[in-house]
Amino acid sequence: MSQKLIIITGASKGIGLAIARRLLLDNFKVINLDVSSPEKQDTDIEFIKCDVSLESDVLQSFQFIQSKYPEIYGVINNAGIIRDNVIWKMSVEDFEKVINVNLKGTWLVCREAVKIMKQQSFGKIINIASRALLGNPGQTNYSASKAGIVGLSRALALEVGKYNISVNVIAPGLIKTELTDNLPPHVLQKLIDAQPQKNIGKPEDIAEVASFLLNEKTNFINGQVIYVDGGKSIGHVTL
Ligand code: NAP
């Protein structure tokens, strides 16, 4: 294989786009499965329109990829959404939408990727969760979906380890993207104030860790959750 193939979901913007661009520097071939077209066309990143929460879209995308490329080196499940509210005001639709995109979407893509990776006897899977998997008020749907991604990833790592496939999770903290730009300014400021270093991360901070995990030198890292959150996962800052 001259250029190793990485499939990443939700890479039309934000963290996914930063990861995709970082992986181009590592000389990977990158395919982006996203429900929305990229705002700026990166000609080197191949775009396939795909709603990861729909089984038919995921199956079609993988069929197309398999018809074009002999092997898949890695998959990054990054597509994710928020629909925040306190539970007593949250609709079932907003609960289901978040679970379907974040958790079911990750599961569907993992399932199709593993079928191929098993045959190759190699593969690297990275699932993007969130520090919110530890719990965030207003995010019962989102926190559940992200904690679910950890359970899925740990179970999957045990299932597929014998096929030389690794599964790891990156749990970003507060990162400046459209997702956080859309938060009310006072909410965003509160979140920054709760950070140990009173700062917000960049999409590139996550991209570096994805690049690290895809490096062949890190093959022995498996079934882990790597927090990239400026230390927020340690706990509350009280001083
Ligand atoms: P973003 O800027 O909103 O980008 C997410 C991308 O995924 C968008 O292009 C979005 O399209 C796409 N997408 C949404 N639903 C999809 C679906 N059903 N199928 C395929 N693509 C879909 O988000 P981000 O901030 O970069 O977040 C990326 C990941 O990091 C998410 O999993 C998020 O939960 C996680 N994360 C983010 C932060 C943060 O602070 N930003 C913190 C922790 C974890 P549309 O724009 O059309 O929806």
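Scroll up to find the structure.
Residues numbered from 1 in each chain as written. Predicted model: local features only at pLDDT ≥ 70, side-chain atom pairs only at ≥ 80, totals over all residues. Heavy atoms only, no water.

**Remarks on the site of the ligand**
Then step 1. Around the ligand sit 28 residues in total, of which Lys13, Ser36, Asn78, Tyr142 and Thr177 are the nearest.
Then step 2. Taking Ile15, its main chain carries an N or O atom lying 2.8 Å from an oxygen atom of the ligand.
Then step 3. Val35 places a polar main-chain atom, nitrogen or oxygen, 3.3 Å from a nitrogen atom of the ligand.
Then step 4. With the chains in place, 90% of the 890 Å² that the ligand exposes on its own is no longer accessible. (Near = heavy atom within 4 Å. Polar contact = N/O pair within 3.5 Å; in protein donor to acceptor, adjacent residues only side chain to side chain. Areas by Shrake-Rupley, 256 points an atom, 1.4 Å probe, with all protein chains shown as cover.)

**Comments concerning the layout of surface pockets**
Then step 1. Estimates place the volume of the second largest pocket at around 190 Å³.
Then step 2. Lining the second largest pocket are Lys13, Gly14, Leu17, Ala18, Arg21, Arg22, Glu39, Thr177, Glu178, Glu204, Ala207 and Glu208.
Then step 3. Elements that contribute at least two residues to the lining of the second largest pocket include exactly α1 (14-25) and α7 (203-214).
Then step 4. Per element, the largest residue contribution to the lining of the second largest pocket is 5 residues, and it comes from α1.
Then step 5. Across the lining of the second largest pocket, the residue classes break down as 3 nonpolar, 2 polar and 7 charged. (1 Å grid on protein atoms, 1.4 Å probe; cavity = no way out; pocket = protein on both sides within 12 Å on 5 of 7 lines; lining within 4 Å. Points joined across faces, edges and corners; volume = space filled by probe spheres on them. Helix = DSSP H or I, 4+ residues; strand = E, 2+ residues; numbered from the N terminus. Nonpolar A, V, L, I, M, F, W, Y, C, P; charged D, E, K, R; others polar.)

All we've got here are geometric facts, nothing functional implied.
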